[in-house]
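Chain by chain, the residues:
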Amino acid sequence: MNSIKLFFMLIFLASALVGGASSKGCQFPAIYNFGDSNSDTGGISAAMSLLNPPNGETFFGHPAGRFCDGRLIIDFIAENLKLPYLSAYLDSIGTNFRHGANFATGGSSIRLGGYSPFHLAIQISQFIQFKSRTMALYNKLSSNRTTSPLKGNLPRPSDFSKALYTIDIGQNDLGYGFQHTDEEQVRASIPDILNQFSQAVHQLYKEGARFFWIHNTGPIGCLPYSVIYDKLKPNNLDQSGCVKPQNEMAQEFNRQLKSKISQLRGQLPHAAITYVDVYSVKYALISNAKNQGFVEPINFCCGSFYGYHIDCGKKAIVNGTVYGNPCHHPSRHISWDGIHYSQAANLWVASRILNGSFSDPPLSIDQVCLHAGKM
């Protein structure tokens, strides 16, 4: 009888220890993000041209540098980790980098070329310069006897190795390839794209990064923009109304990305690298839109691609018809502007990936540090 009691006591203690470790979480002090418009919180807006209303109308009440009516997945990641929203590295107004910085910019790709000059290698070089300069300034201010308010806006040097490094990029490499080359050339480009991605991760690791949260690319064939401009529809569309060849290429990209991450785990023994299957979550939302309270996925809220291309935030009157007026209920739309997701869709996706259900290894975002050095 005593042995039975002892057995159950040991089980209870083990459960308590696991639960205690789990509830504590990783407590990341900062987030450093790299990517494209899916996670850009003001980079391209600061560098090129301001985004116009109604961008930002749902949450911020004004344009906030995001191609969205409100928050992005990266914003929900920050909320989940109880950190402030990330300031864009390229934004010089009102920036606070104590809890990280965002190097993502709209249109960015992994490889040089494409829609934006801020490809991934540039973002990494920006980070390296940012780290070097902020550490030097922080140390200089620390050595002075006078207190400077600037110091409170700078990252603590020790936080760089404790921070979470999030990456969401690759969609534009495929999109640009489909727009300017053919399917076979896009497929042939994937290994080189991912080799450059791997080099970027190696550079971050060399700079002290240890905790990585990496999104695969979403179903680009489901973007209303892709469907509207596909010349072979309806023969190219799958059962969910998405452009099948584009989604198949995204899936191939993701298969190779997952394999590349497995290699990185072997090459970077002290890193904790989490692969997040965003594709599956987004496709599940799109294929089941009505049951989730959304309108048809092909419908989007802001701008127009039907007959006249009007970007979100602009208007045009053609033959007495006004094009570009936003919809009245953006929360019912998966797509905000035909290319980017609405805040409601971003929240739906975030709520399903942050708990680790679509992660490899299957850990929630605040637990990813627990598998460091165990790959």
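Refer to the structure presented above.
### Here's the deal with the pattern of salt bridges
Across all of its chains, the model carries nine salt bridges by this definition. Aspartate 360 is the partner of arginine 265 in a salt bridge, and the nearest nitrogen-oxygen pair spans 3.6 Å. One end of the pair, arginine 265, is in helix H8 (residues 244-267); the other, aspartate 360, is in strand E8 (residues 359-360), and 95 residues separate them in sequence. Of the residues examined, arginine 265 reaches a relative accessible area of 13% and is grouped as buried.

### Some remarks on unusual backbone geometry
Cis geometry marks the peptide bond from proline 53 to proline 54, where omega comes out at 10°. Mapped onto the elements, proline 54 comes out in the loop between helix H2 (43-47) and helix H3 (73-80). Cis geometry marks the peptide bond from lysine 233 to proline 234; its omega dihedral reads 5°. Mapped onto the elements, proline 234 comes out in the loop between helix H7 (224-229) and H8. A positive phi is found at glutamine 27, a non-glycine position, where the angle reads about 50°. Structurally, glutamine 27 can be placed in the loop between helix H1 (2-24) and strand E1 (31-35). Look at lysine 82: it is not a glycine, yet its phi comes out positive at around 60°. Relative to the helices and strands, lysine 82 resides in the loop between H3 and strand E2 (100-102). Under the relative-accessibility criterion, lysine 82 is labelled exposed at 74%.

The rules behind each value
- Residues numbered from 1 in each chain as written.
- Predicted model: local features only at pLDDT ≥ 70, side-chain atom pairs only at ≥ 80, totals over all residues.
- Heavy atoms only, no water.
- Salt bridge = Lys/Arg side-chain N within 4 Å of Asp/Glu carboxyl O.
- Helix = DSSP H or I, 4+ residues; strand = E, 2+ residues; numbered from the N terminus.
- Buried < 20%, exposed > 50% of the residue type's maximum accessible area, 1.4 Å probe, protein only.

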